[in-house]
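# Structure at a glance
Letter by letter, the chains look like this.
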Amino acid sequence: MSGCADAARVLSPYGHGWVVCHAPLSSLRRGAISYDSSDQTALYIRMLDVRVRSQVGFEPERRGSHPYLGVDFRTLHSRAESAGSIPARRIRRLFSFQRHLLSSRLLRGAPHLNPLHILDEDYCGQAKCMLEKVGSWNFDIFLFDRLTNGNSLVFLTFHLLNQYGLIELFQLDMVKVRRFLVLVQEDYHNQNPYHNAVHAADVTQAMHCYLREPKLAQSLTSFDILLGLLAAATHDLDHPGVNQPFLIKTNHYLAALYRNTSVLENHHWRSAVGLLRETDLFSHLPAEDSLSIERQLGSLILATDISRQNDYLSRFRTHLDENDLCLGHSTHRHFVLQMALKCADICNPCRPWELSKQWSEKVTEEFFHQGDIEKKHKLEISPLCDSEANTIASVQIGFMTYVVEPLFAEWARFSDTRLSQTMLGHLGLNKASWSAMEPEVSGSSEEGESESARATEEPSSRALSQGSQES
Ligand SMILES: [Zn+2]
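Residues numbered from 1 in each chain as written. Predicted model: local features only at pLDDT ≥ 70, side-chain atom pairs only at ≥ 80, totals over all residues. Heavy atoms only, no water.

### Quick look at the packing of helix α11 (residues 222-234) against helix α17 (residues 330-345)
What counts, and what does not: Between the N-to-C directions of two axes lies an angle of 0 to 180 degrees, each axis being a line fitted to C-alpha atoms and, for a helix, fitted only over the stretch in contact. Under the scheme used here, helices are H or I runs from DSSP no shorter than 4 residues and strands are E runs no shorter than 2 residues, and both carry numbers assigned from the N terminus. Here roughly perpendicular refers to angles of 65 to 115 degrees, roughly parallel to angles under 35, roughly antiparallel to angles over 145, and oblique to all remaining angles. By definition, turning the near helix anticlockwise from the far helix through less than a right angle yields a left-handed crossing, and turning it clockwise yields a right-handed one. It only takes one pair of heavy atoms within 4.5 Å for two residues to be counted as in contact. Residue type decides the class: Asp, Glu, Lys and Arg count as charged, Ala, Val, Leu, Ile, Met, Phe, Trp, Tyr, Cys and Pro as nonpolar, and the leftover types, Gly among them, as polar.
For the pair α11 and α17, the least separation of the axes is 11 Å and the interaxial angle reads 30°. Comparing their axes, α17 and α11 come out roughly parallel. α11 and α17 meet at a crossing whose hand is right-handed. Seen from α11, the contacting residues are D224, G228, A231 and A232; seen from α17, they are R333, L337 and L341. A class-by-class count of the residues in the contact of α11 with α17 yields 4 nonpolar, 1 polar and 2 charged.

Following this line, the structure appears as structure tokens:
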């Protein structure tokens, strides 16, 4: 759509397809919004249409309805009692984007571009206040999401790209950046209790915290930082709210497409590449550079596959034991970025209890909902997904013990800072809180050397992360 100065795609009122309208854009109106710039208009109409399409259910294939069970991933986690609130939320977000359109005009030609200008005045003060502390480990992404009307991923990522000077350095087109982020946010399924755009925003904020750690800040290039932020923002793109085993056992086409290997991560990566190309975000760069970005983005996102956790962890351990990580080498920097993204993806248990608890409830809700679907269709219930056999506490204690603690212990060896100690401190306290609610589970987990504990380790780590991370 970019560069299209005399034509715009608008939705045909007579069908589900696109039509090309050759009317002068300066005369086009959509709803109550009028446009005064032809090239901007083409982009803005596309931006609004994305939202309109999602509301009225166009492009059903984009969300991937399940062909065999009749499971529609667009509505998988919708709940009847919340049916009234979802449209209201979407309408608020739509209005919010109308504010973006108006305020984006202010951005054009402004000598000092401040992304906060695009926030509604009612929210500007509070959201701006929060963004001033975007590097804080206590950052409340749930509050920030409310203050931005459900647009936390767009605002947070845009702010960080701007703050690091990446937009200026890579000569990124401000409108393309915004359009890309809007599409990214839109392609997350907000009806997923956990794997939604707020999780992506949370991971991006955590990634920012890690990028500021001294060892990384001193060695990472601007290119590394750009990749790290983009990978964090897109790492769960178009997540269906179920894990890989579910897709495999139901013969979902994505499982066949990616040969049952890192199915979700491959899909997240390809979805991100699709949006990069759709928005022409890097089209001004040499082709080999934009291909390199796409390839490295894939390498980072694929690293979040929890079933490969032990591979990455043992490589990390070996490097730390031999003290041979040389961050002057691009391959070593990339490996550290992979580890940072893996940490950011599963850092929920390392946040303060008030935040951590909310994430725990959300991820367990998503697990149990998958289990309910499996029960309904008489499929084998996936580990941790049976609400009658598990509790939030038992799921969390296993996740912390077998997945989170080993990873963050090594991260603290690599980056022995106040932040890494803070994260380990929260992890210990949060685990104790869950254990207090589940005394018999905490007792068995402390028998870590027993055969029974060993026996549960592998399936626990694999299953737990499939919900909470890779994803
Ligand atoms: Zn994730």
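### With respect to the nonpolar core
We count it as follows: Among the buried residues, those of types Ala, Val, Leu, Ile, Met, Phe, Trp, Tyr and Cys that are joined through side-chain atoms within 4.5 Å form a nonpolar core. To sort residues, take the accessible area from a 1.4 Å probe on protein chains only and compare it with the maximum for the residue type: under 20% means buried, over 50% means exposed, and anything in between is partly exposed.
Counting residues in each nonpolar core, the largest one holds 105 residues, and the members touching the most others are Y210, F408 and W411. Sort the elements by how many residues they give to this core and helix α19 (residues 392-414) lands first, with 11 residues. The residues touching Y210, leaving out its near neighbours within four places in the chain, are W137, L216, A340, C343, A344, C347, F408, W411, L419 and M423. By size, the runner-up hydrophobic cluster in this structure holds 9 residues, among which are V242, F246, L264 and I373.

### So, unusual backbone geometry
A positive phi is found at N260, a non-glycine position, where the angle reads about 60°. For S262, which is not glycine, the phi torsion reads 40° and is therefore positive. With relative accessibility at 6%, the residue S262 sits in the buried group.

### What to know about the environment of F368
Tracing the chain through its elements places F368 in helix α18 (residues 353-376). Using a relative accessible area of 15% as the deciding quantity, one classes F368 as buried. Distance from F368 to I381, taken between C-alpha atoms, is 9.6 Å for residues 13 residues apart in sequence.

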